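# What the coordinates show
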Amino acid sequence: MTSQLSETGLLSAIDRERLPHHIAVIMDGNGRWAQKRRLPRIAGHRAGMRAVRQGVEACRRLGVPYLTLYAFSVENWKRPQAEVDLLMALLREFLKKEMRQMNRYRIRLRVIGRTRELPKAVQQDLRKAIEATKRNTGLTLSLALNYGARAEIVDALRKLVRKLKRSGKGEVSERAISQALYTRGLPDPDLLIRTSGEMRLSNFLLWQAAYAELWVTDTLWPDFTRRDLYQAVLDYQKRERRYGGLGLS
Ligand code: IPE
Ligand code: IPE
Ligand code: MG
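Reference entry: report on the structure contained in this document. Just so we're clear, the structure is a prediction, and the values are computed from it rather than from any experiment.

## Structural notes on the site of ligand 2
Near ligand 2 the following residues occur: Ile26, Met27, Asp28, Tyr70, Ala71, Phe72, Asn76, Arg79, Arg194, Arg200 and Ser202. Separating an oxygen atom of ligand 2 from a side-chain N or O atom of Arg194 is a distance of 3.5 Å. Here ligand 2 has 390 Å² of accessible area as a free molecule, and 78% of this is covered by the chains. With 3 residues, the top contributor of residues to the shell around ligand 2 is strand β2 (residues 66-73). Partitioning the shell around ligand 2 into residue classes produces 5 nonpolar, 2 polar and 4 charged.

Structure below.
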């Protein structure tokens, strides 16, 4: 659903009392964006960095406390080595360039995924960035890197089983599983955005998004702007979340 409202129009239409606490985004369509321009796929990934800034800025301006971005999936290793290498290089460049802004705006960085399988240099840069921003109290920006929801659930269950074997204590419950996931401490996403029109979750936050509102736009990720995020939030506020009950009205 899109409206003709301008950015300021959208901003004033949004009810600040009913913001989603956590927005998660499947940033998709970089390759198609580049293809449309007869550019190499990596040019799309580079352009996608600008869209990341737009999304972060929009959340910051609104006061949404948690934003999670799907940047690299466990399945993305299947891509040509050159594309994977360039994605890793872009990530390092992003961390280096954005550090100052992140501290300026009190953004706290976090990573979810099997990070130990990422290249050593990337791991090091991530550790540095997480350390440098850990006292920030503004937006929590989580990057999903080498992330797969099924892998996450497997890792969580392994953790629970280990604990059980070691101490003989522990339980298998929704709470225990939630706390063993990479997202421990993050609220479940209220709003899940996917760009480029694809209607699937692609192994993203399968557990946490159980009751997330889904919002899909045909806009390709590099073209995504603050305005798109505001539109998504406004549409989200028109939804009735029932959680299996009968709702309020
Ligand atoms: C999303 O864009 C970025 C990553 C998955 C890293 P794609 O690279 O998937 O772009 P399309 O889907 O091929 O257009
Ligand atoms: C999902 O996009 C993963 C990320 C955005 C990082 P993909 O492009 O990898 O997903 P599929 O292949 O279209 O399902
Ligand atoms: Mg894609």
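## Topic: the pairing of strand β1 (residues 22-26)
Extensive coverage of β1 is indicated by the burial of 5 of its 5 residues. Burial of the side chains of β1 extends over both faces: His22, Ala24 and Ile26 are buried on one face and Ile23 and Val25 on the other. As judged from the 5 bridges shared by β1 and β2, these two strands associate in the parallel manner. For Ile26, the partnering residue across the bridge sits in β2 and is Tyr70. Two elements, β1 and strand β5 (residues 191-194), share 4 bridges in a ladder whose sense is parallel. Across the sheet, the residue bridging to Ile23 is Leu191, located in β5.

## Observations concerning the environment of Leu164
Take Leu164: it is sitting in helix α6 (residues 149-167). Residue classification places Leu164 among the partly exposed positions, given a relative accessible area of 39%.

## Section: the environment of Ala156
Tracing the chain through its elements places Ala156 in helix α6. C-alpha separation for the pair Ala156 and Ala176, spaced 20 residues apart in sequence, amounts to 9.0 Å. For Ala156, the contacting residues outside a window of four places in its chain are Ile177, Ala180 and Leu181.

## What to know about a positive patch on the surface
On the surface, Arg116, Lys159, Arg162, Lys163, Arg166, Lys169 and Arg184 cluster together to form a positively charged patch. Among the secondary structure elements, Lys159 is positioned in helix α6. Classification of Lys159 by relative accessible area gives partly exposed; the value is 41%.

## Observations concerning the pattern of salt bridges
Counting across every chain of the model gives 23 salt bridges. Note that Arg61 and Glu7 form a salt bridge whose closest N and O atoms lie 4.0 Å from each other. With Arg61 in helix α3 (residues 41-62) and Glu7 in helix α1 (residues 7-13), the pair connects residues that are 54 residues apart, well separated along the chain. Overall, Arg61 belongs to the partly exposed group, its relative accessible area being 42%.

Analysis parameters
- Residues numbered from 1 in each chain as written.
- Chains lettered and ligands numbered in written order.
- Predicted model: local features only at pLDDT ≥ 70, side-chain atom pairs only at ≥ 80, totals over all residues.
- Heavy atoms only, no water.
- Near = heavy atom within 4 Å.
- Polar contact = N/O pair within 3.5 Å; in protein donor to acceptor, adjacent residues only side chain to side chain.
- Areas by Shrake-Rupley, 256 points an atom, 1.4 Å probe, with all protein chains shown as cover.
- Helix = DSSP H or I, 4+ residues; strand = E, 2+ residues; numbered from the N terminus.
- Nonpolar A, V, L, I, M, F, W, Y, C, P; charged D, E, K, R; others polar.
- Buried < 20%, exposed > 50% of the residue type's maximum accessible area, 1.4 Å probe, protein only.
- Pairing = 2+ DSSP bridges.
- Contact = heavy atoms within 4.5 Å.
- Patch = residues over 30% accessible without salt bridge, like charges linked within 9 Å, V, L, I, M, F, W, Y side chains within 5 Å.
- Salt bridge = Lys/Arg side-chain N within 4 Å of Asp/Glu carboxyl O.
- Lys, Arg positive; Asp, Glu negative; His and termini not counted.
- Charge placed at Lys NZ, Arg CZ, Asp CG, Glu CD.

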